[in-house]
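Residue-level structure breakdown
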Amino acid sequence: MADLNPSSAGRTLVRTLFIGGAVLLGLWSLSPVVVISAGERGVKTTFGKPDEQVYDPGIHFRVPLAQSMHVMDVRLQKGEGEGDAASKDLQSVHTRIAINYHLEPKEAVNVFRNIGPSTEIAADRIIIPAAQEAVKAVTARFTAEELVSRRTEVRDAIGSLLREKMQRHGLVLDEFAIVNFAFSRSFSEAIEAKVKAEQEKLKAERDLQRIEVEAKQKVASAKAEADALALQRQQITSDLLALRRIENEREAIRKWDGKLPSVTSGAVPFINVNDKN
């Protein structure tokens, strides 16, 4: 009679899966064919000793059990880090940086032999301490205020020093950026106060310039009016006054209705009424 015990059937299934997995693992370990994908390089070891050749993407062969192929990633990697340093004027500075880097393909064997069996391990062992050292060395050359006002120069100096350190170990720095500089609260408040004072000073200078321009405009306008009045006074002569008086008398005669006022005080407001001329 067949064994219908569920626990026995389960153990049988587990043993079957275990044996199948062991067989697949054995076949894989005994496979002489290794495929290296794009963006990777291979380092072959024979009984643990790495070959000098760097294996490019493609199909490669190995001796099962005796040789192994280790894959090194040479694609662009991203890393971030942060640390504390002191500026030239002894201000505490917390710096965050971001970098893009990659493993130099031709240096894959040297990195594998001297640093670690993967790009990530090499980055942890080389880039992080090198970045901290570069940031501290460059930050100490500048005052806290200069770290902000000369940020591009500071970034280039840190990047140059870090690139040199990484290159010695087969790593290439592609991009470097300073994400942020953080100072103590008291220093940040002092910087804000200084910036505000400078802005107010610039505003006062602009207001003074505007007032000076307006004053010059008023002086020019007054001078123009004075020149116009002076010109008019120069043009007023006795002949012009006599002409204006005659014109006024003629206008008064034209408007007169022929009746003399019933009450007068003083002389009649007409001149030479009976003058035949």
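Here goes a summary of the coordinates provided. Predicted model, so just to flag it, every value in this text is computed and none were measured. (Residues numbered from 1 in each chain as written. Predicted model: local features only at pLDDT ≥ 70, side-chain atom pairs only at ≥ 80, totals over all residues. Heavy atoms only, no water.)

A word on the sheet that holds strand 6 (residues 77–86). Hydrogen bonds between backbone atoms are what pair the strands of a sheet, whose relative direction is either parallel or antiparallel. Here we have three strands laid out as an open sheet, ordered 6-7-8, and antiparallel in their pairing. Strand pairing shows two members of the sheet lacking a second neighbour, strand 6 and strand 8 (171–183), which therefore form its edges. Here the strands of the sheet are splayed against their neighbours by 20 degrees on average, with no regard to which way each runs. Pairing geometry for strand 7 (residues 92–103) and strand 8, over 11 bridges, is antiparallel. Of the residues in strand 8, the one forming a bridge with N100 is E175. The sheet contacts of helix 3 (residues 119–139) involve strand 6, strand 7 and strand 8, and relative to strand 7 the element is tilted by about 140 degrees. Across the sheet, helix 5 (residues 151–167) touches strand 7 and strand 8, and the angle it forms with strand 8 is around 140 degrees. (Pairing = 2+ DSSP bridges. Helix = DSSP H or I, 4+ residues; strand = E, 2+ residues; numbered from the N terminus. Axes fitted to C-alpha atoms, helices over the stretch in contact; angles between N-to-C directions. Contact = heavy atoms within 4.5 Å.)

Once that is clear, we can look at the sheet that holds strand 2 (residues 40–46). The three strands lie next to each other as 3-2-5, forming an open sheet whose pairing is antiparallel. Edge positions in the sheet fall to strand 3 (49–50) and strand 5 (67–73), since each of these pairs with one other strand and no more. The pairing of strand 2 with strand 3 spans two bridges and is classified as antiparallel. Among the inter-strand pairings, T46 is bridged to a residue of strand 3, identified as K49.

Of note, T139 is situated in helix 3. A polar contact is formed between the side chain of T139 and the backbone oxygen of V135, at a distance of 2.6 Å. Apart from the residues within four sequence positions on either side, T139 is in contact with A85, A86, S87, K88, V93 and L147. (Polar contact = N/O pair within 3.5 Å; in protein donor to acceptor, adjacent residues only side chain to side chain.)

Under the criterion given, the structure shown has 12 salt bridges. The partner of R150 in a salt bridge is E146, with the nearest N and O atoms 3.5 Å apart. According to the relative accessible area criterion, R150 is partly exposed, its value standing at 33%. It is possible to trace a salt-bridge network through shared partners that takes in K78, E80 and R96. (Salt bridge = Lys/Arg side-chain N within 4 Å of Asp/Glu carboxyl O. Buried < 20%, exposed > 50% of the residue type's maximum accessible area, 1.4 Å probe, protein only.)

Remark: helix 3 packs on helix 5, axes separated minimally by 9 Å, with the N-to-C direction vectors making an angle of 140 degrees. As helix 3 packs across helix 5, the resulting crossing turns out to be right-handed. For the pair helix 3 and helix 5, the contacting residues are I127, A130, A131, E133, A134, V135, A137 and V138 in the first and V154, A157, I158, L161, L162, K165 and M166 in the second. Class assignment for the residues of the contact of helix 3 with helix 5 results in 13 nonpolar, no polar and two charged. (Left-handed = near helix turned anticlockwise from the far one by under 90°. Nonpolar A, V, L, I, M, F, W, Y, C, P; charged D, E, K, R; others polar.)

Between its first and last C-alpha atoms helix 5 spans 24 Å; for 17 residues at 1.5 Å apiece the expected length is 24 Å, and the two agree. Within helix 5, the full set of buried residues consists of V154, I158, G159, L162, K165 and M166. For helix 5, the buried positions fall inside an angular range of 130 degrees around the axis, keeping them on one side. (Expected span 1.5 Å × (residues − 1). Arc of directions from axis to C-beta.)

Take it as geometry only, folks, not as evidence of what the structure does.
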